[in-house]
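# Survey of secondary and tertiary structure
Listed below, chain by chain, are the residues.
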Amino acid sequence: MDFSIIIDNLPLLFKGLGLTLQLLIISLVIGFFLSIPLAIMAASKKPWMSLPVKIYIYIFRGTPLLIQVFIIYYGFSQFEWLRESPLWVIFKQAYWCAIIAFTLNTAAYTAEIFRGAILQTPKGEIEAAQACGMSRFDQYRHIILPSALRRSIPMYGNEVIFMLHATVLAGVITLVDLFGAAKIINSRYYAPFESFISAGLFYLVITFTIVFIFKLAEKHFLKHLEQ
Amino acid sequence: MNEIFGGYLPMILKGMMVTIEVALLSLLLSLFLGIVTASARLYGGTFARTLAATYTTIIRGVPDLVLMTLIFFGGQILVNHLGDKFGWGYIDVDPMIAGIITIGFIFGAYMGETFRGAIMAVNKGQIEAGHAYGMTPLQVFIHITFPAMIRHAIPGFFNNWLVLVKTTALVSVIGLQDMVFNAKVAGDTLRQPFTFYVLVGFLFLLITAVSDLAMRWLERKYNVGR
């Protein structure tokens, strides 16, 4: 094995790393803010409110992300009205398609995590909020969400790692993320071990960093639950 | 039906069989690796435990597709080297085998965690009773720990299986003609990529729904006497 290839191509790998982190952070941030109203709707007792969200969650969690990416990037080009609409500027670019697919996917998984946490809110806390005369909105804002989001931190940490690993699909639809960069190095030098092991190490390091950050977050935000 | 999908439905269904085949064979490999990993972590010496923990950490830290391309392209180089050495000539690495090995290897780590948790959940008294009867450790494992742990392992096992089925979609990237690959061919030929990818999405949901029924049946079977 000749790892000097990797040293020569470090700039390419770091550029890929930049795109990977960019895709990850953008889709996680948008997905997070989408998932909160979705989770509240899915936790609702009214079926007309919860059912559409539950179907959305079921479809996005039940099908491979690869299919979702392909439907958005390759599939949408089937519709002539879309190709002729101004929206086409977005849907013809692999970058935006990847972000849309990743965002919708993580929003579904995150909404499911938050929904579970909302439903597990201790009854007493909600009754206390009602006794204080809080409106439904105030209950969510001051009581239910702060507690549910905190309890979701460990599960959400897993989701973030899952999304990091999912971003490799950007490399499948022609983008040069970390995996795309490794693919380029492999095809240029026919060096699968060097290129994919290096990319794997990069991912391993990011994973450890995410795990570390979430450990800190758990320590800080879940102090009240420590035994 | 054939009319709707321009005569490509049989091809998609053939691809679905490949998907199911890859899924079941990788499941088998992952179950084997899972048992070995769980045993190593629970009963093994320092070396076996470290090895199993490293395996689990690597699998959790590296994306599935990176491992798959590494095994597929790297495996080809290894096979070429061996072929030169022993004079076999050129042998193509089959994407199916590379896919099954990768997916089995990945989910072996997750199954290992599931089994480890399930074994630890088995009632200690039952295991002690087995030892008290003079059973060997292996007999205790086969007759007591293993059957009792299955009940605890079912939810985790099922969860792993659902993720595994979705992961099989990646084999299309290394060129195996599963249903995703065939959907691409059919969609490109007929210029209806949306139709075919949505169809394949539904077929994945169908596999999930059938698995769900199977799991309920398994749970009923193993929760007898509870």
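Above this text is the structure in question.
First, a word on what this report is: a plain description of the structure on this page. (Residues numbered from 1 in each chain as written. Chains lettered and ligands numbered in written order. Predicted model: local features only at pLDDT ≥ 70, side-chain atom pairs only at ≥ 80, totals over all residues. Heavy atoms only, no water.)

## Some details on the overall build of chain A
Selection criterion: Under the DSSP-based scheme used, a helix requires at least four consecutive residues in state H or I and a strand at least two consecutive residues in state E, with every element numbered from the N terminus. Only protein chains enter the area calculation, which uses a 1.4 Å probe; residues under 20% of their type maximum are buried, those over 50% are exposed, and those in between are partly exposed. Here, Shrake-Rupley sampling with a 1.4 Å probe gives the accessible areas, and only protein chains in the shown set may cover a residue. A residue counts as positive if it is Lys or Arg and as negative if it is Asp or Glu; His and the chain ends are not included. In this description, the location of a charge corresponds to atom NZ of lysine, CZ of arginine, CG of aspartate or CD of glutamate.
Along the backbone of chain A there are 13 helices and zero strands. The linear arrangement of helices and strands in chain A, starting from the amino end, is α-α-α-α-α-α-α-α-α-α-α-α-α. A total of 227 residues make up chain A; the buried ones form 51% of that total. Total accessible area on chain A is roughly 11,600 Å²; 69% of this is exposed by carbon and sulfur atoms. For chain A, the distance from the average position of its 18 positive side-chain charges to the average position of its 13 negative side-chain charges is 8 Å.

## Section: the pattern of salt bridges
Rules: Any Lys or Arg side-chain nitrogen found within 4 Å of a carboxyl oxygen on Asp or Glu counts as a salt bridge.
Counting across every chain of the model gives five salt bridges over all chains. The residue A:E112 makes a salt bridge to A:R115 at a minimum N-O spacing of 3.2 Å. Here the residue A:E112 and the residue A:R115 both occupy positions in helix α7 (residues 94-119), the gap between them amounting to three residues, near one helical turn. B:E113 is paired through a salt bridge with B:R41; the nearest N and O atoms lie 2.8 Å apart. In this pair, B:E113 is assigned in helix α4 (residues 95-120) and B:R41 in helix α1 (residues 9-43), connecting sequence segments 72 residues apart. Given the relative accessible area of 22%, B:E113 is considered partly exposed. Assessed through its relative accessible area of 24%, B:R41 is described here as partly exposed. Here the salt bridges do not stand alone but share partners, grouping B:R41, B:E113 and B:R116 into one network.

## Here we look at a nonpolar patch on the surface
Where we set the bar: A residue counts toward a patch only above 30% relative accessible area and without a salt bridge, and it is joined to like-charged neighbours within 9 Å or, for Val, Leu, Ile, Met, Phe, Trp and Tyr, to nonpolar neighbours within 5 Å.
Together, A:M1, A:F3, A:I197 and A:L201 line one region of the surface with nonpolar side chains, adding up to about 400 Å² of accessible area. Exposure remark for A:I197: the relative accessible area of 31% places this residue in the partly exposed category.

## Re the interface of chain A and chain B
To keep it simple, the criterion reads: Only heavy atoms matter for contacts: two residues are in contact if any of them lie within 4.5 Å across the pair. The term buried area means the drop in 1.4 Å probe accessible area that two parts suffer when joined, counted for both and summed. Identification of polar contacts relies on pairs of N or O atoms within 3.5 Å, with a donor-acceptor requirement for protein atoms, meaning one able to donate a hydrogen and the other able to accept it, and with residues adjacent in sequence counted only if both atoms are side-chain atoms.
Opposite the 34 residues of chain A that make contact, chain B presents 36 residues. Surface buried jointly by chain A and chain B totals about 2,900 Å² across both partners, of which 80% is contributed by carbon and sulfur atoms. Taken together, chain A and chain B are joined by six residue pairs in polar contact (both at pLDDT 80 or more). Listed by contribution, the elements that provide at least two residues to the side of chain A that touches chain B are α3 (47-62), α4 (65-73), α10 (153-166), α11 (168-172), α12 (178-189) and α13 (192-221) of chain A. At nine residues, α13(A) tops the list of elements feeding residues into the side of chain A that touches chain B.

## Brief notes about the packing of α3(A) against helix α8 (residues 193-222) of chain B
Under the convention used in this document: For helices, the fitted line uses only the C-alpha atoms of the stretch in contact; every axis is such a line through C-alpha atoms, and the angle between N-to-C directions lies from 0 to 180 degrees. Roughly parallel refers to an angle under 35 degrees, roughly antiparallel to one over 145, roughly perpendicular to one between 65 and 115, and oblique to any angle outside these ranges.
Closest axis-to-axis distance for the α3(A)/α8(B) pair is 9 Å, and the angle between their directions is 95°. Of the possible angle classes, the one that applies to α3(A) and α8(B) is roughly perpendicular. Along the contact surface, α3(A) presents A:Y58, A:I59 and A:G62, while α8(B) presents B:F204, B:L205, B:T208 and B:A209.

## Re the side chain of B:T114
As for its position among the elements, B:T114 is in helix α4. In this structure B:T114 touches B:A153, B:G156, B:F157 and B:N160, once residues within four positions along its chain are discounted.

## A short note on the nonpolar core
So the rule is basically this: In plain words, nonpolar cores are sets of buried Ala, Val, Leu, Ile, Met, Phe, Trp, Tyr and Cys residues tied together by side-chain atoms within 4.5 Å.
Counting residues in each nonpolar core, the largest one holds 118 residues, and the members touching the most others are A:F102 and A:L169. What A:L169 contacts, discounting residues up to four positions off in sequence, is A:L65, A:L66, A:V69, A:F102, B:L65 and B:L170.

## Thoughts on unusual backbone geometry
The backbone of A:Y190 shows a phi angle near 50°, a positive value even though the residue is not glycine. Mapped onto the elements of the fold, A:Y190 is located in the loop between α12 and α13. For B:R191, which is not glycine, the phi dihedral falls at a positive 55°. Within the secondary structure, B:R191 sits in the loop between α7 (179-190) and α8. A relative accessible area of 69% means that B:R191 is categorised as exposed.

## Let's talk about helix α3 (residues 64-86) of chain B
Put simply, the rule reads: Working rule for helices: expected span equals 1.5 Å times residues minus one.
End to end, α3(B) covers 32 Å across 23 residues, agreeing with the expected 33 Å (1.5 Å per residue, within 8%). Among the residues making up α3(B), those that are buried are B:L65, B:V66, B:L67, B:M68, B:T69, B:L70, B:F72, B:G74, B:G75, B:Q76, B:I77 and B:G83. Contact partners of the buried residues in α3(B): α11, α12 and α13 of chain A together with α2 (46-61) and α4 of chain B. One or two residues past the end of α3(B) sits B:G87, with phi positive at roughly 70°.

## Focus: the environment of B:A148
Along the polypeptide, B:A148 turns up in helix α6 (residues 137-167). Setting aside its immediate chain neighbours within four residues, B:A148 contacts B:V122 and B:Q126.

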